[in-house]
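Descriptive structure summary
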Amino acid sequence: MANILHIDSSPRGDRSKSRKLAKEFIAAWQDQHPDDVIIYRDLRQTPVPHVTEDWIAAGFTPPEALTPEMAELLKFSDGDCKLKCVKGQKLRSNELLNQR
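Now for a description of the structure that goes with this document.

**Let's talk about the pairing of strand S1 (residues 3-8)**
Side chains on a regular strand alternate between the two faces of the sheet. Burial along S1 is one-sided: the face carrying Ile4, His6 and Asp8 is buried and the face carrying Asn3, Leu5 and Ile7 is not. Pairing of S1 with strand S2 (residues 37-42), which is carried by 6 bridges, proceeds in the parallel orientation. Bridge assignment links histidine 6 to a residue of S2, and that residue is tyrosine 40. Viewed along the sheet, the connection from S1 through helix H1 (residues 17-32) into S2 turns out right-handed.

Have a look at this one:
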């Protein structure tokens, strides 16, 4: 069983040729590998925040020493992304088609 990370990043949405091509590829792959896991990320809908000096400092701070501000900076990279990216959760490949 394979794990595939499918990332869409085009700001063009439904007009994007790369999104269409990737969607067609994933559909064809799923036909041949129905048990594989597809992880989907849409960077247009859920952009990844920039890495800043404050974020790096928070990342190197022991958890017990984090300030509330530091914890907030790390929230996305520490897993909040999974809550924001509904389609980004691990899905069986046949469930991905139903989510689109």
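**Regarding the side chain of serine 16**
Along the chain, serine 16 turns up in the loop between S1 and H1. A relative accessible area of 5% places serine 16 in the buried class.

**Focus on the environment of isoleucine 39**
Within the secondary structure, isoleucine 39 sits in strand S2. Residues isoleucine 39 and leucine 5, 34 residues apart in the sequence, show an inter-C-alpha distance of 4.8 Å.

**A short note on H1**
Helix length check: H1, at 16 residues, gives a terminal C-alpha distance of 23 Å against a target of 22 Å (1.5 Å per residue), a fit within 8%. Among the residues of H1, those classed as buried are Arg19, Ala22, Ile26 and Gln30. Buried residues of H1, seen end-on, are gathered within an arc of 70° and therefore sit on one face of the element. Turned more than 90 degrees from where H1 packs its buried face, Lys17, Lys20, Leu21, Asp31 and Gln32 sit exposed.

Cut-offs used in this document
Residues numbered from 1 in each chain as written. Predicted model: local features only at pLDDT ≥ 70, side-chain atom pairs only at ≥ 80, totals over all residues. Heavy atoms only, no water. Buried < 20%, exposed > 50% of the residue type's maximum accessible area, 1.4 Å probe, protein only. Helix = DSSP H or I, 4+ residues; strand = E, 2+ residues; numbered from the N terminus. Pairing = 2+ DSSP bridges. Right-handed = clockwise from strand over helix to strand, strands pointing away. Expected span 1.5 Å × (residues − 1). Arc of directions from axis to C-beta.

So yeah, pure geometry; function would need other evidence.
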